[in-house]
Amino acid sequence: AQSVTQLDSQVPVFEEAPVELRCNYSSSVSVYLFWYVQYPNQGLQLLLKYLSGSTLVKGINGFEAEFNKSKTSFQLRKPSVHISDTAEYFCAAGGYNTDKLIFGTGTRLQVFP
Amino acid sequence: DARVTQTPRHKVTEMGQEVTMRCQPILGHNTVFWYRQTMMQGLELLAYFRNRAPLDDSGMPKDRFSAEMPDATLATLKIQPSEPRDSAVYFCASGLGETQYFGPGTRLLVL
């Protein structure tokens, strides 16, 4: 069965510092991978997705993610964070033969001035 | 900029009352999902539809919850009777293919 693990429940970081949020998935079949962001009192917003092709995917708000098949990882990165990046970040995985997404438990990114 | 819309955005009700939440998926999308989000359980899939047909409602308490799509522009999630443990944020998402797009949610408080 497919599963998604986000190892860090909280990541504190200072403004303008780089950040990496970790995500690992388990699947015996090809996967689609997603990162969503949830700002307070809002719905989940798509940041970026990996479907196929280049393993480095660029998204909105300066975020990018790297798909690593051998490590079954999909890490989210940003070289310099802003206060406004404070939010909950969810990694999710889907597959060719399903409409459903499996979500991780989320990582709370807290950016301090 | 097409978006999923949900109504109401907030609902406070008393235990035992019926609650109906509505969702308008993005035009042209053929899948609709209902999720519930709580601090304790995180994000849970309750039910989903493809081309208006219910495909999976295994995450939904059958005795009190029901989900329907009376037409392609409307999905409903109903709780009858509501209980305090149903207090949560309920999200609708729609999709076409592999990607899901979420609405702003309905924040439900059952007293």
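In case you missed it, the structure is sitting above this.
Residues numbered from 1 in each chain as written. Chains lettered and ligands numbered in written order. Predicted model: local features only at pLDDT ≥ 70, side-chain atom pairs only at ≥ 80, totals over all residues. Heavy atoms only, no water.

Novice: I would appreciate a short explanation of the overall build of chain A in the present structure.
Specialist: Within chain A, the regular secondary structure consists of 0 helices and 12 strands. When the helices and strands of chain A are read in sequence order from the N terminus, they spell out β-β-β-β-β-β-β-β-β-β-β-β. A globule of 113 residues ought to have a C-alpha radius of gyration of about 13 Å, and chain A, at 13 Å, matches this closely. By principal-axis analysis of the C-alpha atoms, chain A measures approximately 45 × 30 × 20 Å. Looking at chain A as a whole, 47% of its 113 residues are labelled buried. Contacts in chain A between residues far apart in sequence, at least 24 positions, make up 55% of those at least 6 positions apart. (Helix = DSSP H or I, 4+ residues; strand = E, 2+ residues; numbered from the N terminus. Rg over C-alpha atoms; globule rule 2.2 N^0.38 Å. Buried < 20%, exposed > 50% of the residue type's maximum accessible area, 1.4 Å probe, protein only. Contact = heavy atoms within 4.5 Å.)

Novice: So what exactly am I meant to see when it comes to the sheet that holds strand β1 (residues 5-7) of chain B here?
Specialist: Adjacent strands of a sheet form backbone hydrogen bonds with each other and so pair up, either parallel or antiparallel. Residue and element names in this part refer to chain B. Read across the sheet, 4 strands follow the order β1-β3-β8-β7 without closing on themselves; strand pairing throughout is antiparallel. The open sheet is flanked by β1 and β7 (65-71), the only strands paired with a single partner. Across the sheet, the mean angle from the axis of one strand to that of its neighbour is 20°, orientation sign disregarded. Of the pairings in the sheet, the one linking β1 to strand β3 (residues 19-24) comprises 3 bridges and is antiparallel in character. Bridge pairing in β3 links Thr7 to Arg22. (Pairing = 2+ DSSP bridges. Axes fitted to C-alpha atoms, helices over the stretch in contact; angles between N-to-C directions.)

Novice: I'm lost on the pairing of strand β2 (residues 10-14) of chain A in this one. Help?
Specialist: The side chains of a regular strand alternate, first on one face of the sheet and then on the other. Residues and elements named next belong to chain A. Residues Val11 and Val13 point to one face of β2 and are all buried, whereas Gln10, Pro12 and Phe14, pointing to the other face, are not buried. Two elements, β2 and strand β12 (residues 107-112), share 5 bridges in a ladder whose sense is parallel. Bridged to Phe14 within β12 is Phe112.

Novice: Honestly, the environment of Gly105 of chain B in this entry has me stumped. Any pointers?
Specialist: All names here are of chain B. In this structure, Gly105 sits in the loop between β10 (100-102) and β11 (106-110). Taking the relative accessible area as the measure of exposure, Gly105 reaches 2% and is therefore buried. In this structure, the C-alpha to C-alpha distance between Gly105 and Phe49, residues 56 residues apart in sequence, is 18 Å. If we skip the residues at most four places from it in the chain, Gly105 touches Gln6, Pro8, Arg9, Val89, Tyr90 and Phe91.

Novice: Looking at this structure, I do not really get the nonpolar core. What am I missing?
Specialist: Generally speaking, a soluble globular protein has its nonpolar side chains buried in company with each other. Residues Leu33, Trp35, Leu47, Leu48, Phe74, Leu76 and Tyr89 of chain A are the most contacted members of the largest nonpolar core, which totals 28 residues. For this core, the secondary structure elements donating two or more residues are β2, β3 (19-21), β5 (31-38), β6 (44-50), β8 (64-68), β9 (73-78), β10 (87-95) and β12 of chain A. Counting 22 residues, the second largest nonpolar core, distinct from the first, contains Phe49, Phe65, Tyr90 and Val110 of chain B. (Core = buried A, V, L, I, M, F, W, Y, C linked by side-chain atoms within 4.5 Å.)

Novice: Just to check I follow, could you spell out the interface of chain A and chain B for this structure?
Specialist: A common way to state how big an interface is: give the accessible area lost once the parts meet. If you look at the interface, chain A gives 16 residues, while chain B gives 20 residues. Across the chain A to chain B interface the summed buried area is about 1,400 Å²; carbon plus sulfur atoms make up 53%. The largest per-residue losses of area from chain A upon contact with chain B belong to Leu44, Asp99 and Lys100 of chain A, which jointly make up 40% of the total buried on that side. On inspection of chain A and its partner chain B, the count reaches 3 salt bridges. One salt bridge in this structure joins Asp56 of chain B and Lys100 of chain A, with 2.6 Å as the shortest N-O distance. Viewed at the interface, chain B and chain A are joined by 9 residue pairs in polar contact (both at pLDDT 80 or more). (Buried area = accessible area lost by both parts, 1.4 Å probe. Salt bridge = Lys/Arg side-chain N within 4 Å of Asp/Glu carboxyl O. Polar contact = N/O pair within 3.5 Å; in protein donor to acceptor, adjacent residues only side chain to side chain.)

Novice: I tried to follow the state of the cysteines on my own but got confused; where do I start?
Specialist: Joining two cysteines, a disulfide is a covalent bond between their sulfur atoms. One pass over the structure, following the stated rule, counts 2 disulfides over all chains. Between the sulfur of Cys23 of chain A and that of Cys91 of chain A lies a disulfide, 1.9 Å long from S to S. One quick way to see it: the torsion about the S-S bond of Cys23 of chain A and Cys91 of chain A is about -70°, and its sign makes the bridge left-handed. Taken as a pair, Cys23 of chain A in the loop between β3 and β4 (24-26) and Cys91 of chain A in strand β10 lie far apart in primary sequence, 68 residues in all. Looking at Cys91 of chain A, the relative accessible area reads 0%, which means it is buried. Disulfide pairing places Cys23 of chain B opposite Cys92 of chain B at an S-S distance of 1.9 Å. Across the S-S bond linking Cys23 of chain B and Cys92 of chain B, the dihedral sits near -60°, which makes this disulfide left-handed. Highlighted residues: Cys23 of chain B in strand β3 and Cys92 of chain B in strand β9 (residues 88-95), separated in sequence by 69 residues. (Disulfide = S-S within 2.5 Å.)

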